[in-house]
Amino acid sequence: MVISDIVSKSADETRKIGKEFAKIVKKGEVVFLEGNLGAGKTEFVRGFVEYHGIKDIKSPSFTVVFEHQSALGFPIYHIDLYRFEGGYIELLERGIIDLFEKRDGIALVEWADRIEGFYMPQYIVKLLHLSERERRIRIEKNF
Ligand SMILES: Nc1ncnc2c1ncn2[C@@H]1O[C@H](COP(=O)(O)OP(=O)(O)OP(=O)(O)O)[C@@H](O)[C@H]1O
Ligand SMILES: [Mg+2]
């Protein structure tokens, strides 16, 4: 079900949308972020983690999993699958499925397009590059 569908007109607005969205995501939930290079996935994550009192995140290109501590007392896993080319077995072997299933924190997954079908997340955020500064941000919730 689509729970939000808006056009962001700046990186700042995308961060604000991410921060608003963070208010409804609970510990144990998994968020997939999909969209091309430069679509704004990391900006959205920046706003999201800001709600949890986390500043200064890196765009995790080589490191696959970055772990942060939320001010609410649980971990936030920022995962980037840009370079991930495996299938379900590799996802299992890398411990990523475990990380989703142990539900001790929130997982935010960039380039989740790579693993669609291997895991059913609570939310899918789709970012579409419309123009230089416009991004359509559609949030879907799975029930
Ligand atoms: N409305 C907007 N929302 C988000 N970013 C925007 C917007 N307009 C311009 N930008 C710019 O687009 C870029 C988005 O970069 P960002 O790292 O968030 O993308 P990404 O989807 O994470 O890309 P990658 O696949 O490389 O990780 C930034 O340079 C940002 O300033
Ligand atoms: Mg990114």
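Because the structure is predicted, anything quoted here is derived from the model rather than measured.

**Student:** Please give an account of the nonpolar core that cites residues and values.
**Tutor:** Counting 22 residues, the largest nonpolar core has F21, F44, F48, V49, I76, L108 and V125 as the members making the most contacts within it. Ranked by residues supplied to this core, first place goes to helix α2 (residues 41-51) with 4 residues. Look past the residues within four positions of F44 in its chain and what remains in contact with it is T14, I17, G18, F21, L33, V125, I137 and I139. Among the nonpolar cores identified, the runner-up in size contains 18 residues, and F32, I79, L99 and Y119 belong to it.

**Student:** Which residues make up the coordination of the magnesium ion (ligand 2), and what values do they have?
**Tutor:** Under ideal tetrahedral coordination, the four donors around a metal are separated by 109.5 degrees; under ideal octahedral coordination, the six donors are separated by 90 or 180 degrees. In the first shell of the magnesium ion (ligand 2), the protein supplies T42 (OG1) and E110 (OE), at 2.0 to 2.2 Å from the metal. Within this pair, whereas T42 is found in helix α2, its partner E110 is found in strand β5 (residues 106-110), the two being separated by 68 residues in sequence.

**Student:** Requested: an account of the pairing of strand β7 (residues 135-141), with residues and values cited.
**Tutor:** The buried count for β7 comes to 5 of 7 residues, which makes it a mostly enclosed element. Across 6 bridges, the pairing between strand β1 (residues 2-8) and β7 is antiparallel. Among the inter-strand pairings, S8 is bridged to a residue of β7, identified as R135. Across 7 bridges, strand β6 (residues 123-129) lies against β7 in antiparallel orientation. By the bridge assignment, I124 is partnered in β7 with E140. Hairpin connection from β6 to β7: 5 residues lie between these consecutive antiparallel strands.

**Student:** Explain the environment of G117 to me, and be specific about the residues and the numbers.
**Tutor:** Considering the arrangement of structural elements, one finds G117 in the loop between β5 and β6. Given the relative accessible area of 73%, G117 is considered exposed. Through-space distance from the C-alpha of G117 to that of V25 is 21 Å; in sequence the pair is 92 residues apart.

**Student:** Got a sec to walk through the sheet that holds β7? Specific residues and values, please.
**Tutor:** Spatially, β1-β7-β6-β2-β5-β4-β3 is the arrangement adopted by the 7 strands of the open sheet, whose pairing is mixed. At either margin of the open sheet sits one strand with a lone partner, and together these are β1 and β3 (65-69). Direction aside, neighbouring strands of the sheet carry axes that sit 15° apart on average. Sheet analysis places strand β2 (residues 30-34) next to β6, joined by 4 bridges and oriented parallel. Counted as the bridge partner of E34 is K126 from β6.

**Student:** So what's going on with the side chain of E34? Residues and values would help.
**Tutor:** Tracing the backbone shows E34 in strand β2. Buried and unpaired, E34 has no salt bridge, with K126 as the nearest side chain of opposite charge at 4.4 Å.

Rules used throughout
Residues numbered from 1 in each chain as written. Chains lettered and ligands numbered in written order. Predicted model: local features only at pLDDT ≥ 70, side-chain atom pairs only at ≥ 80, totals over all residues. Heavy atoms only, no water. Core = buried A, V, L, I, M, F, W, Y, C linked by side-chain atoms within 4.5 Å. Buried < 20%, exposed > 50% of the residue type's maximum accessible area, 1.4 Å probe, protein only. Helix = DSSP H or I, 4+ residues; strand = E, 2+ residues; numbered from the N terminus. Contact = heavy atoms within 4.5 Å. Donors = N, O, S within 2.8 Å, 3.2 Å for Na, K, Ca; no water. Pairing = 2+ DSSP bridges. Axes fitted to C-alpha atoms, helices over the stretch in contact; angles between N-to-C directions. Lys, Arg positive; Asp, Glu negative; His and termini not counted. Salt bridge = Lys/Arg side-chain N within 4 Å of Asp/Glu carboxyl O.

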